[in-house]
Every structure is written in structure tokens, then in C-alpha cells.
2 protein chains.
Amino acid sequence: MTIVRQPTRAGVRDAAAKMAEILPMTPLFTAEIRGVTVGVKAECLQPIGAFKIRGAWHRLTAIDESARAKGVVAFSSGNHAQGVAWAAKRLGMPAVIVMPSDAPRSKREATLALGAEVVPYDRMTESREKIAAHLAHARGATLVPAYDDAWIIEGQGSAGIEAAAQFHDAGLGALTRVVTPCGGGGLASGLALALPDAEMRIVEPEGWDDMCRSLEAGWIEEVGANPPRTACDALQTLRVGTLTFDVLSKRSALGVTVSEAEVRDAQRWAAATLRLVVEPGGAVALAALLTGRVEPQPGTLVLASGGNVDMDAYAAVLAGEG
Amino acid sequence: MTIVRQPTRAGVRDAAAKMAEILPMTPLFTAEIRGVTVGVKAECLQPIGAFKIRGAWHRLTAIDESARAKGVVAFSSGNHAQGVAWAAKRLGMPAVIVMPSDAPRSKREATLALGAEVVPYDRMTESREKIAAHLAHARGATLVPAYDDAWIIEGQGSAGIEAAAQFHDAGLGALTRVVTPCGGGGLASGLALALPDAEMRIVEPEGWDDMCRSLEAGWIEEVGANPPRTACDALQTLRVGTLTFDVLSKRSALGVTVSEAEVRDAQRWAAATLRLVVEPGGAVALAALLTGRVEPQPGTLVLASGGNVDMDAYAAVLAGEG
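Here, residues in each chain are numbered from 1, in the same order as that chain's written sequence. All chains are assigned letters beginning at A, and all ligands numbers beginning at 1, according to the order in which they are written. Note on the predicted model: pLDDT of at least 70 is required for a residue's local features to be given, and 80 or more for side-chain atom pairs to be given and counted; whole-chain, interface and lining totals, by contrast, use all residues. The basis for every side-chain value is the complete set of non-hydrogen atoms in the structure, without hydrogens or water.

A few words on the overall build of chain A. The way it works is that DSSP assigns letters per residue, a run of H or I at least four long becomes a helix, a run of E at least two long becomes a strand, and they are numbered from the N terminus. Each helix and strand counted, chain A has 13 helices and 10 strands in total. Here the radius of gyration uses the C-alpha set of atoms, whereas the globule reference equals 2.2 Å times the residue count to the power 0.38. Relative to a compact globule of 322 residues, whose C-alpha radius of gyration would be 20 Å, chain A shows 18 Å and is just as compact. Dimensions of chain A along its principal axes, counting C-alpha atoms only, are 55 × 40 × 40 Å. Per-residue burial for chain A yields a buried fraction of 60% across its 322 residues. Partitioning the contacts of chain A with sequence separation of at least 6, the portion at a separation of at least 24 is 71%. The rule is simple: take the accessible area with a 1.4 Å probe, protein chains only, and divide by the maximum for that residue type; under 20% is buried, over 50% is exposed, in between is partly exposed. Should any heavy atoms of two residues lie within 4.5 Å, those residues are counted as being in contact.

Next comes the structure, spelled out in C-alpha cells:
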């Protein structure tokens, strides 16, 4: 029986210290939403345009020196891919990314530009897990999961350590509530560990609300058959992680969903008010606050988790189309 | 004879200290342009979406306590208006802004939202200077020029003090060259004072190249009759300032121009690469580097000076139209 390493708050603090060595904190902006001043953590301003750089860095730096030459393998629709590619490049490690053939072009190209090898697969007929496991085994490379991994969770949580310090510096008072996008739950569970006194509100697109339903049920429920199309490519996970669910369940996290139209409204709001390009999946938590599905309260931290958009689709959103 | 106060480097440093008391530094991003890593100062991420908050704060805080109750008057196409309105609100002073009736709606609405009174005028037939002077005289209010004023220049220059510190922290080495948008020259001359060892490159839209031509001629030349339409509303000044020209001329600043199409390309690049919404006038310096009209070199600082866009026009730019 394999003992699975559990993510810890000490690990999150360690990850935050490691991030501080290589990158400046992402800015925390204050914004008024429904009459309440909240703090917006702009993870879309990371070098790869998303928070995923955090978990990747914490995970890859934890790989033994002896194993680094054989590289890493990951599967991802895009942002995790870029995070792993970025960290691998910086550490001089080879990286292979298994990516759906329908991933946004911008994300695929950015991954290639970071020097990673991209192996495409068909989202409907092939198993990315099997392809990745096979590749990792064949090369002796380390498999880097996108979310269900202690290091990945701890790494993503480093955003919460930064935010707590920034809340203090900005005079925003105590950080009492976290509102965050949720795909597999890596960011949400990391933030929960980072901020043990905050209420957790996790946000998913309609029809992809497996974490919402899992938290309500008390066990993991998968996304249903034939889920609706969503612009939130970064949140299209069919099943949350065992580790991530466990952390969020123990914290009595509550989940809400937002519609595609509400996500587009939030993207427009972020561009007009914060001058930030936020991708659909990165805007769901803002959408939840803007619509009042999660009521803004003093001390609210909201994550703008990514900004990797396909430009044509984004232009249409800003034009108010669709 | 009135002695006009001259802007000084000590004044710029004082302004930077005053800014540090109220706002975090705007982020400095690193980006690769034509194979060279440069530093991009994101002034579009200021609370009002532009650097103008700096000069306004430095100027308004220099007004005697006894004169504050009578308020301030400014004329501006938008960003200076918001800077003055923001500073006045924070200091509890009334503010009147004389604004062209064709100013971007987003800028007018943002100024009103900051509690200022907006007085519209016709750009083609009326003199904003006369209207503003009349209002200031009638109310006993302080007139706050947009650029030709020692405090305003020093305030804008505070961005350069921050950038120098950020270059050091980011390991970017010595700051050797500044590439900045130029309307009336307040930002450019402030940066020149802040960074006495850097080469100055100022950038204007084609047909609005009065600072370029003035620097070449050695005296102030105005924008010609019937200048072309430009999307760079923030840079539509017909005549640069005496103080700003003087500073830049003594520093042997060189000017270049960029086309409207090059500005749109730079806006798209900023959205895709930095995830920043940058307005046309805020993107001209990026355009100069991206096109090689100013060759990027190590140690280059480029200003993304504002992000207040009209969303429909911006969506069209991102869609590649026009």
C-alpha cells in the first residue's frame, strides 16, 4: 500500500518562500463590487498568465537531483502545461505535455514556446492519464498531476499566503472569505490550507459543478454525461481530486455555479475596471460576486486565476457578442 | 514678472515618497521584444487606469490647507481628469473638470463617478483654457494644468523612481533607456528628471508629432493644421509645454512616431502577452519597440501609460478590425 503524502499548511508556507525567491508577488487590487471593497488577486499577471506556475515550481523543485535529467510528463488543457513547461525550462529539465487536440491554440503555442514537447490526444476517445503514464514509464520521467498531488496543492496555496500579507498592507483588514474558481480543486484546497480562518466559496461553470455537488453530497460525484459546452476550458475536469475534495470537505466549503453569460459579463468588467485580461475559467469567481451568488463582504479575497484567452473569442466577449 | 517654478529631481523624489504613502508601486513586468528582455511599467494598473494620478496627487497635496476648500479646476480629455478627481476626492476637495464633449464615454463616466463636476466644451470652437481660467477665477479655485507645471512633471516622474528600484530587484541591470508615450510631455520630462543617466526616447502618433519636431528644431513647434484622426485620444495635445520641452531638449531626447495600425498591433500584443488592457495612447511606446522604430536594448524601460479604453473600439482592435 502506497502512503499518499498529504498537503499541509507548513508545505504551503514552504511553497510561498520558494516562490518569493523567483518571482514577485502578483498584485492584489482593491475593487468595489456591489458596494463592498474586496481584494482581487491577479494571477492572470503571472509570467505564464495563470496560478499554475506555483504548483509546478513547488513540485519540480521537490524532484531529486538524480531524477531531474529524465524530465517530467504532465497532462493538461493548457495552464498547467505552461506552468510545468516554465518550471522545467528554468530547471533545465525536459518536459512532455499531453494536451487535448482541441486546447486553445494560444495555450498550445505558449507551451511549445517554453520548450516543452506537446503530445496531442482526443478528449473524447483517448485517456490522457494512460498516455501520460505510459510516456512517464517509458522515459523514467516524473508524472506531474494537475491537481491531486500534495506539492501541487501546496504550491497553488502560496497565493493565499501572499494575499494575507497584501490584505494587511492594503489596510483591507482580516481576510475572512475566499472566492475562487474550481476545476480539479488544486487552487481552492491550497488556499484553504493557506488561510485556515477564512470561509471557502468555490465557483464552477453550470454543468461542470462536480465539486459543488460533491461537497453537498459528502462524497465525490463526477460531472454528468454530456456536460454542456463551456468557454471555461481551464475548469473542464470530469472528476475532482481525492486530496482536494478531502481538504475542502473538512473546511465545509460551499460551492456555487455561474452561467456562461455571467462569466462573459465578468470578463468585460475585469477589462473595464481592472484593465485585466481574464480568461473565462479565471473569471468565474468574479462572476459569482458580481451577480451576488456569493455576497461580497468586507475581507473578501477573490481570485482572477488566469488570463490565457484565444483572442478572437475574447474580442467577441468584449464586443458583447454571444 | 512671475517666476515659474522649475521641476527638479528632488521634487520627483519627494513625489515618489508621497505616492508610496498612498499606493503600491505599479508592477514592472519583464517581456521579450525582438529578442531583448525589457521592463514594462504598467501604469494602466493604477486605480484610475493611468499615470496621471501621480502628478495630480503631488500637485493637490502641495495646495495650502487654506485654499483647499475652494477646490480645483482642470481641463483634460480624460486621464488627467480622473487623476485630479481621484486626488480631490481623497483630500475632500471639490473638483471641476472641463472636458471635450467628444471625450471617450468611459473616461467621462469614470470622472463623474469620482465625484467631480464635468463641464463639456467643443474641441473645435471653444477654448478649454479660457473656460477653465474663468471657472477657477470665479470660484477662487486652483487651476491644475495637465502637464506644463513643475508639480505635475515631478509627480509623473515618480514612476521612474519606482522603475529604477524595480529594475534592480528584478535583476534587469542598469536602466539605460526610457521609451515613453508623449502628449504634452509631462510623463516624459518627469521620467527624464527621475532617471538622469538614461537615454530618452519619446513616442507620438503620426501627425501629432509636435514634440518630435520640436526636439529636432530646438524650439517648440505646434501640431499642424488639420491633424489626422488618431485613436490616441490621450496624446492629442496641440502644443507641448514650455517646461516639459525644456527638460527634454536639455536631455537630447529623440522622438519617433508610430502609425495607427502599429498602435493596434501593440494593443493586441499587450493583451496576449502581458494580459493587460492598454489604451491606444498608452501603447505607442510599446509599438515603437515592437516595430524596431526604437531598437530594444538591455536596460530598456517602456511605459504602458494608460488603459482606459472605450470597450467597443477596443474589442474591434482585438478582433483585428480597422
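There is more to say, and it comes next.
Residue and element names in this part refer to chain A. These domain boundaries are the output of an automatic or database domain assignment. Each domain of chain A was delimited in the assignment, giving domain 1 (9–51 + 150–318) and domain 2 (53–144). A straight line from the C-alpha centre of domain 1 to that of domain 2 covers 23 Å. Each partner contributes residues to the interface: domain 1 has 30 residues there, and domain 2 has 23 residues. A 1.4 Å probe defines the accessible area here, and the buried area is the portion of it lost by two parts on being joined, summed over both. Each partner contributes to the roughly 2200 Å² buried at the junction of domain 1 and domain 2, and carbon and sulfur atoms together form 56% of this total. Ranking the residues of domain 1 by area buried against domain 2 places Ile-22, Ile-48 and Trp-151 at the top, with a combined share of 30%. Here, a salt bridge means any Lys or Arg side-chain nitrogen found within 4 Å of an Asp or Glu carboxyl oxygen. Between domain 1 and domain 2 we count four salt bridges in total. Linking Glu-162 and Arg-54 is a salt bridge whose minimum nitrogen-to-oxygen distance equals 3.0 Å. Counting of polar contacts relies on pairs of N or O atoms within 3.5 Å, with two restrictions inside protein: one atom must be capable of donating a hydrogen and the other of accepting it, and residues adjacent in sequence are counted only when both atoms are side-chain atoms. Remark: the boundary between domain 1 and domain 2 carries 15 residue pairs in polar contact (both at pLDDT 80 or more). Of all the secondary-structure elements, those providing two or more residues to the side of domain 1 that touches domain 2 are α1 (9–22) and α7 (150–169).

We now examine the interface of chain A and chain B. Between chain A and chain B, the residue contacts involve 22 residues of the former and 22 residues of the latter. At the boundary of chain A with chain B, total buried surface from both sides reaches about 1600 Å², with 65% on carbon and sulfur atoms. Between chain A and chain B we count zero salt bridges in total. Elements with a minimum of two residues in the side of chain A that touches chain B: α11 (260–274) and α13 (311–318) of chain A.

For the rest of this paragraph, the subject is the state of the cysteines. Any two cysteine sulfur atoms within 2.5 Å of one another count as a disulfide. Overall, the coordinates contain zero disulfides over all chains when judged by the stated rule. Just so you know, Cys-44 of chain B is unpaired, no disulfide at all, and the nearest cysteine sulfur is the one on Cys-44 of chain A, 11 Å from it. Looking at Cys-44 of chain B, the relative accessible area reads 0%, which means it is buried.

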